[in-house]
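# Survey of secondary and tertiary structure
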Amino acid sequence: MNVLDVRRQFPILDQEVNGHRLVYLDSAATSQKPIQVIEAVEDYYKRYNSNVHRGVHTLGSMATDGYEGARDKVKAFINANSTKEVVFLRGTTTAINLIASSYGRANVQEGDEIVITPMEHHSNIIPWQQLAKATGATLKYIPLQPDGTITLEDARETITEKTKIVSVMHVSNVLGTINPVKELAQIAHQHGAVMVVDGAQSVPHMNVDVQDLDADFYAFSGHKMCAPTGIGVLYGKQQLLERMEPVEFGGEMIDFVGLQDSTWKELPWKFEGGTPIIAGAIGLGAAIDFLKDVGLDNIKAHEQKLAAYAIEQMRQIDGVDIYGPEKRAGVVTFNCDDVHPHDLATSLDFEGIAVRAGHHCAQPLMKWLDVTATARASFYLYNTEEDVDVFVKGLKKTKEYFGDVFS
Amino acid sequence: MSSANQLDTLYRQVIMDHYKNPRNRGELEGDTLTVDMNNPTCGDRIQLQMRVEDGKIAEAKFNGEGCSISMSSASMMTQAVKGLSTDDALRMSSLFSDMMLGKEIDTDGLDLGDIEALSGVAKFPARIKCATLAWKAMEQGIDEKQ
């Protein structure tokens, strides 16, 4: 993979911010979009904007082809068994909420257990907290090791015959930890529980095969994988989705409506109420083509190399604490001496470097790390070693500046 | 503006001094107005305590965690409102809001003291919420009392 060729396809990267070349290291929050995706969305609005599945006119069928064609691409991309298993939603958060409020409400009762980890994103904690409160179930956590990983022994201790749902992120947005979700799915299944995977930070960065992982549900967002915001995917095994009730009613999900009762369309439309996110889905399809073209294995290797290179240099700066395990995805979360991460992020921004600072929607994890906030540099396919060099230089400069004002 | 100048505009010496040596950090004993407030987008949080006697803020102290802007603003705010009537404290808070919006302000007899050092924050919209956290807490405390 030629990273300079890749970069050229992202128009936004070719600009100055605060008088410096933009160094975008916040792709874990949202990725930038290649020209192919921008043009696919533009093309839809310019040439064939229309609603799907109801118009009998030409534009309507073009829009339907575009929308359903994107579903085919997602199916192949994650190796789902059928397009019936690919539900288009707004994103990971909406998908996990749907699982909790539909599958969860129907299958979890008082005395049951839901198992997650302390490293989860808020969107994979709160829906389960709410489900536990509503049903009288218990929310249990697989403990973290000192390096921010989980062990299968601990998972076997935590997951019991009472467990109905295990929900774990594939890759941590803070620590970069890559969780053994395939093995967790096995353990969950041995106890009759379903395995939910939050794939927000995995699908954009590595090959994901939902059948190989044997995940029952897998959720991810388009905007972190070069697609527009507002589109995401819930993958679910067909037999599970078929037994689930929709949580949104009206529009696209309707089959027959009577005065007192109605019926739903078949999968996957049953879960896609209202007018769906047509441009978003078309953009997601284009993003998948783009990512496949570059190659997910190449992307993964490239990011891990950049993260390792960054860590190696950051370790040489006194007072920089880096969180997370040795073997990790392309995310480096850290703190620097007494400089609060917000001040650090502001200072880097003055150099044109975009990093994230704060709790990263993972407050329980911040508590576990015993910090209130951290800074995070996250890498994607368009970042270069030069980006890392600029970032490290900016970090050193920031440390010197605040070191001086503190002394 | 070069990045070094930008840093100096935002992080004036006096701000860093308040961050490093916060005034009025701690807890008040006895009957106080206590307000807990946080900025959910970034996780900064403050606990502000005030003792109001005869319509005046007799004492104000804070505890909390956050960036240099939020903590130094709390330090300066508690310093500035001590001894003021609650009305004057609210008037000062509204002046501070105007300052964050980059407006020209008329202090109208109120002594802003070190607070003017925070005027540079107005140039960095992403950080205005940091600066106003303690002031919002103060307003809420007085609001609850009235």
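Values in this document were obtained by computation on a predicted structure and should not be read as measured data.

As recorded in UniProt, the feature "domain: Aminotransferase class V" (unreviewed entry) lies at residues 23–391 of chain A. Counted over residues 23–391 of chain A, helix gives 40% and strand 17%. Its end C-alpha atoms are 8 Å apart.

The terminal C-alpha atoms of helix 3 (residues 58–78) of chain A lie 31 Å apart, and with 21 residues this matches the ideal 30 Å at 1.5 Å per residue to within 8%. At the C-terminal side of helix 3 of chain A, Asn79(A) shows a positive phi close to 55°.

With 22 residues of chain B at the contact, the number on the chain A side is 19 residues. Across the chain B/chain A interface, buried area totals approximately 1800 Å², and carbon plus sulfur atoms make up 56% of it. When the buried surface of chain B facing chain A is broken down by residue, Ser3(B), Leu7(B) and Met16(B) rank first, second and third, together holding 27% of it. Where chain B packs against chain A, one counts one salt bridge. Linking Asp343(A) and Arg127(B) is a salt bridge whose minimum nitrogen-to-oxygen distance equals 2.9 Å. Along the contact surface separating chain B from chain A lie 11 residue pairs in polar contact (both at pLDDT 80 or more). When residues of the side of chain B that touches chain A are traced back to their parent elements, those giving at least two are helix 1 (3–10), helix 2 (13–20) and helix 3 (68–81) of chain B. Top contributing element to the side of chain B that touches chain A by residue count: helix 1 of chain B, with five residues.

Attention shifts here to the packing of aromatic side chains. Residue and element names in this part refer to chain A. Across all of its chains, the model carries 14 aromatic pairs over all chains by this definition. Between Tyr-380 and Tyr-382, the ring centres sit 5.6 Å apart and the planes meet at 75°, which makes this aromatic pair edge-to-face. Accessibility expressed as a relative area gives 0% for Tyr-380, which makes it buried. When the centroid spacing of 5.4 Å and the interplanar angle of 80° are considered together, the rings of Tyr-401 and Phe-402 count as edge-to-face. By way of ring pairs, the aromatic residues Phe-10, Phe-290, Tyr-380 and Tyr-382 are connected into one cluster.

To continue, consider the environment of Leu112(B). Residues and elements named next belong to chain B. Its location among the elements puts Leu-112 in the loop between helix 4 (86–100) and helix 5 (128–145). Under the relative-accessibility criterion, Leu-112 is labelled buried at 6%. Along the backbone, Leu-112 and Gly-66 are 46 residues apart, and their C-alpha atoms lie at a distance of 22 Å. Setting aside anything within four residues of it in sequence, one finds Leu-112 in contact with Met-92, Ile-105 and Thr-107.

Residue and element names in this part refer to chain A. Per the stated rule, a full pass over the model turns up 28 salt bridges over all chains. For Lys-46, the salt bridge identified is with Glu-42, shortest N-O distance 2.7 Å. Remark: Glu-42 and Lys-46 occur in helix 2 (residues 35–48); sequence separation between them is four residues, near one turn of the helix. Overall, Glu-42 belongs to the partly exposed group, its relative accessible area being 36%. For Lys-237, the salt bridge is made with Asp-216, and the minimal N-O distance between the two is 3.0 Å. Pair noted here: Lys-237 is in the loop between strand 10 (232–236) and helix 9 (238–243) and Asp-216 is in the loop between helix 8 (210–213) and strand 9 (217–221), with a separation of 21 residues, a long-range link. Each of Arg-7, Arg-21, Glu-386 and Asp-387 takes part in a single network of salt bridges with overlapping partners.

Analysis parameters
Residues numbered from 1 in each chain as written. Chains lettered and ligands numbered in written order. Predicted model: local features only at pLDDT ≥ 70, side-chain atom pairs only at ≥ 80, totals over all residues. Heavy atoms only, no water. UniProt positions renumbered as here; feature names shortened; annotations may be inferred. Helix = DSSP H or I, 4+ residues; strand = E, 2+ residues; numbered from the N terminus. Expected span 1.5 Å × (residues − 1). Contact = heavy atoms within 4.5 Å. Buried area = accessible area lost by both parts, 1.4 Å probe. Salt bridge = Lys/Arg side-chain N within 4 Å of Asp/Glu carboxyl O. Polar contact = N/O pair within 3.5 Å; in protein donor to acceptor, adjacent residues only side chain to side chain. Phe/Tyr/Trp six-rings, centres within 6.5 Å; stacked < 30°, edge-to-face > 60°. Buried < 20%, exposed > 50% of the residue type's maximum accessible area, 1.4 Å probe, protein only.

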